[in-house]
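Listed below are the residues making up each chain.
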Amino acid sequence: MNAQDIVQRIQTAYPDAEVRTDGADCNFSVTVISTAFEGQSPIQRQRPIMALFNDEISSGALHALSITASTPSEAG
């Protein structure tokens, strides 16, 4: 899995999102900024993003995915 695939998948689910990635091979961290996260706790934001990659995590194609999800006002 590569960074562009991760960005595309998240932006498909969250079209207004700004997505930044860091990492390579099978270990990535992502920052996702979206208005969709208004009123949600951090875990409520992270779970659906992580679910987008369940198959890759199960197969080992993606070993680790660290997620920071915030609203535009929180991101500053």
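Residues numbered from 1 in each chain as written. Predicted model: local features only at pLDDT ≥ 70, side-chain atom pairs only at ≥ 80, totals over all residues. Heavy atoms only, no water.

Observations regarding the side chain of Arg-45
Note the following rule: Helix and strand definitions here come from DSSP, where helices need a minimum of 4 consecutive H or I residues and strands a minimum of 2 consecutive E residues; each element is numbered from the N-terminal end. Polar contacts, as used here, are pairs of N or O atoms within 3.5 Å; protein pairs need one atom able to donate a hydrogen and one able to accept it. Residues neighboring in sequence count only if both atoms are side-chain atoms. Note on contacts: a residue pair qualifies if any of its non-hydrogen atoms lie within 4.5 Å across the two residues.
Structurally, the position occupied by Arg-45 is in helix α2 (residues 42-51). Within the structure, Arg-45 has its side chain in polar contact with the backbone oxygen of Ala-69 (distance 3.1 Å). Excluding anything up to four places from it in sequence, Arg-45 contacts Phe-37, Gln-40, Ala-69, Ser-70, Thr-71 and Glu-74.

A few points about the pattern of salt bridges
Let me state the cut-off plainly: Each reported salt bridge corresponds to a side-chain nitrogen of Lys or Arg within 4 Å of a carboxyl oxygen of Asp or Glu. Whether a residue is buried, partly exposed or exposed follows from its accessible area with a 1.4 Å probe, protein chains only, as a fraction of its type maximum: under 20%, in between, or over 50%, in that order.
On inspection of all chains with the given rule, the structure shows three salt bridges. One salt bridge in this structure joins Glu-56 and Arg-9, with 2.9 Å as the shortest N-O distance. Of the two residues, Glu-56 sits in helix α3 (residues 54-59) while Arg-9 sits in helix α1 (residues 3-13), which places them 47 residues apart along the sequence. On the accessibility criterion, Arg-9 (27% relative accessible area) is partly exposed. Of the charged contacts in the structure, one is a salt bridge between Arg-20 and Glu-18, with a shortest N-O distance of 2.8 Å.

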